[in-house]
Amino acid sequence: MEGEEFAVGCLLSIKTTLGDEFEGQIISYDRLSNILILQEGLESGPRRNIRLLKANYIKEFSLLRQDEDPLDVKKCFLDLTSLQAREDSAVRQAEADSERFGVGVTSEAQNLFDALSKTLPVRWDKTVIVVMNEVRVSSPYLPECVSGGTPAANERVKKVLELERKRMQTRTSQ
């Protein structure tokens, strides 16, 4: 299974050792890793299913025909607007995710932040947990370290901290 049979553009019918059967066109073959990169199906359009397959997982194959290069730049279609939207969304999500991690805080503090975030809107202000944009929880993140906000909000945060600390102690003592 080398050389000509794995030439770019070949359309193959493939059966794998795992029982999969599909048709695919070879986009690339890496001899060093023995991996085929295949475009599944016969259609070429804006959406393509790409499969990476270790060649030693091929049980049998047959050459259907030799086609032109599937990566011909004159025939490739890239929806740049869609790609830009996906990138923007991924960047926004990564930024939002990064704001959920405290810098210079203990794992215990991060666990308390995570527990509070399950039921309340929270964010970090350096090493202080800010809950509902009004209640502040300072290190060492005990109920007596809660300040600001309305008395009801203050009590709610203290209650969640107490319960989470008990839960954390139960987990460590088991």
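Everything quoted here is computed from the prediction, not taken from an experiment.

Remarks on the overall build of the protein chain
Of the regular secondary structure elements, the protein chain holds three helices and nine strands. Listing every helix and strand of the protein chain by position from the N terminus yields β-β-β-β-β-α-α-β-β-β-β-α. Looking at the 174 residues of the protein chain, the share that counts as buried comes to 29%. Put simply, of all contacts in the protein chain between residues at least 6 apart along the chain, 37% involve residues at least 24 apart. Of the accessible surface of the protein chain, which amounts to about 11,800 Å², a share of 52% is contributed by carbon and sulfur atoms.

Some thoughts on the nonpolar core
The nonpolar side chains of a soluble globular protein tend to be buried, and buried together. Core analysis: the biggest nonpolar cluster contains 18 residues, and Leu116, Ile129, Val131, Val137, Tyr141, Val157 and Leu161 have the highest contact counts within it. Those elements that place two or more of their residues in this core are helix H2 (107-117), strand E6 (122-125), strand E7 (128-131), strand E8 (135-137) and helix H3 (151-173). Counting residues per element, this core draws most heavily on H3, which supplies five residues. Residue contacts for Leu161: discarding those within four places in its chain leaves Leu112, Leu116, Val137, Tyr141, Leu142, Pro143 and Val146. In this structure, Ile14, Tyr29, Ala55 and Ile58 belong to the second largest nonpolar core, which totals 12 residues.

Remarks on the packing of aromatic side chains
Tallied over the entire structure, the rule returns two aromatic pairs. The interplanar angle of 10 degrees and the centroid separation of 4.8 Å between the aromatic rings of Phe113 and Trp124 together place this pair among those described as stacked. You can see Phe113 sitting in helix H2 and its partner Trp124 sitting in strand E6, a full 11 residues away along the chain. By relative accessible area, which is 0% here, Phe113 ends up buried. With centroids separated by 6.5 Å and ring planes inclined at 90 degrees, the aromatic side chains of Trp124 and Tyr141 adopt a geometry described as edge-to-face.

Conventions and cut-offs
Residues numbered from 1 in each chain as written. Predicted model: local features only at pLDDT ≥ 70, side-chain atom pairs only at ≥ 80, totals over all residues. Heavy atoms only, no water. Helix = DSSP H or I, 4+ residues; strand = E, 2+ residues; numbered from the N terminus. Buried < 20%, exposed > 50% of the residue type's maximum accessible area, 1.4 Å probe, protein only. Contact = heavy atoms within 4.5 Å. Areas by Shrake-Rupley, 256 points an atom, 1.4 Å probe, with all protein chains shown as cover. Core = buried A, V, L, I, M, F, W, Y, C linked by side-chain atoms within 4.5 Å. Phe/Tyr/Trp six-rings, centres within 6.5 Å; stacked < 30°, edge-to-face > 60°.

In short, shape yes, function no, at least from these values alone.
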